[in-house]
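Next come the chains, spelled out residue by residue.
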Amino acid sequence: MELVVALAIGILTASGIWLLLRPRTFQVITGLSLISYAVNLFIFAMGRLRVNAPPVLRHPGVGEPGLYADPLPQALVLTAIVIGFAMTALFLVVLLASRGLTGTDHVDGREQR
């Protein structure tokens, strides 16, 4: 399972960086979103990847802490997802305003000829 998560993080990061280097603003926004998904997946993986494990200790001081999932990265990722959606919406509004003002969606504001 760790290999699949590591490959997913790597593919999302590589795709996001490739899209960041593209000349169109929509591709740049998509690249930023992919990189944020990769970071969220990385933070989520830092909290131990456990299947069917309770997220918190049921009885304080009892049990092995290594058998439980860490709830802090889960809360951080949930917050980051909400913030990421808001930032993507803001980027899209700025993209539409910029395209309306300049007539192009190129990053530098002018078309390649």
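Everything numeric here is computed off the predicted structure, so don't read it as measured data. Just so you know, the residues in each chain are numbered from 1, in the order the chain's sequence is written. Predicted model: local features are reported for residues with pLDDT of at least 70 only, side-chain atom pairs are reported and counted for 80 or more only, and whole-chain, interface and lining totals are derived from all residues. Think of the side-chain values as coming from all heavy atoms in the structure, minus any hydrogens and water.

**Remarks on the overall build of the protein**
Inference 1: When its secondary structure is counted, the protein shows three helices and zero strands.
Inference 2: Counting all 113 residues of the protein, 20% fall into the buried class.
Inference 3: Within the protein, contacts between residues at least 6 apart in sequence are counted, and of these 52% link residues at least 24 apart.
Inference 4: Shrake-Rupley sampling with a 1.4 Å probe provides the accessible areas, and residues are treated as covered by the protein chains on show and by no other component. As displayed, the protein has an accessible area near 8,200 Å², and 70% of this comes from carbon and sulfur atoms. A helix here means a DSSP run of H or I that spans at least four residues, while a strand means a run of E at least two residues long, and both kinds are numbered starting from the N terminus. Only protein chains enter the calculation, and the probe is 1.4 Å; a residue is then buried if its accessible area is under 20% of its type maximum, exposed if over 50%, and partly exposed in between. Note on definitions: a residue-residue contact is assigned when non-hydrogen atoms from the two residues lie within 4.5 Å.

**Things to note about the packing of helix α1 (residues 2–20) against helix α2 (residues 25–46)**
Inference 1: Relative to each other, α1 and α2 sit at 155°, their axes nearing to 7 Å. In terms of their interaxial angle, α1 and α2 are classed as roughly antiparallel. In the crossing of α1 with α2, the sense of the turn from one axis to the other is left-handed. Where α1 approaches α2, its residues Val5, Ala8, Ile9, Leu12, Thr13, Ser15, Gly16, Ile17, Leu19 and Leu20 are matched on the opposing element by Gln27, Val28, Thr30, Gly31, Leu32, Leu34, Ile35, Tyr37, Ala38, Leu41, Phe42 and Ala45.
Inference 2: In the scheme used here, Gly and all other residues not listed as nonpolar or charged are polar, with Ala, Val, Leu, Ile, Met, Phe, Trp, Tyr, Cys and Pro taken as nonpolar and Asp, Glu, Lys and Arg as charged. In terms of residue class, the contact of α1 with α2 is built from 16 nonpolar, six polar and no charged. Axes, fitted as lines to C-alpha atoms, cover a helix only where it is in contact. Angles between the N-to-C directions of the axes lie from 0 to 180 degrees. Any angle that falls under 35 degrees is termed roughly parallel, while one over 145 is termed roughly antiparallel, one within 65 to 115 roughly perpendicular, and all others oblique. Definitions for this section: a left-handed crossing has its near helix turned counterclockwise from the far helix by less than a right angle. A right-handed crossing has that turn clockwise.

**Remarks on the UniProt feature "transmembrane region" (unreviewed entry) in the protein**
Inference 1: UniProt positions are given in the numbering used here, feature names are shortened, and annotations may be inferred rather than shown by experiment. When the UniProt feature table is mapped to this numbering, "transmembrane region" (unreviewed entry) covers residues 6–21, 28–47 and 75–97.
Inference 2: Between the end C-alpha atoms of residues 28–47 there is a gap of 30 Å, over a span that is 95% helix and 0% strand.
Inference 3: End C-alpha to end C-alpha, residues 75–97 measures 34 Å, and it is 100% helix and 0% strand.

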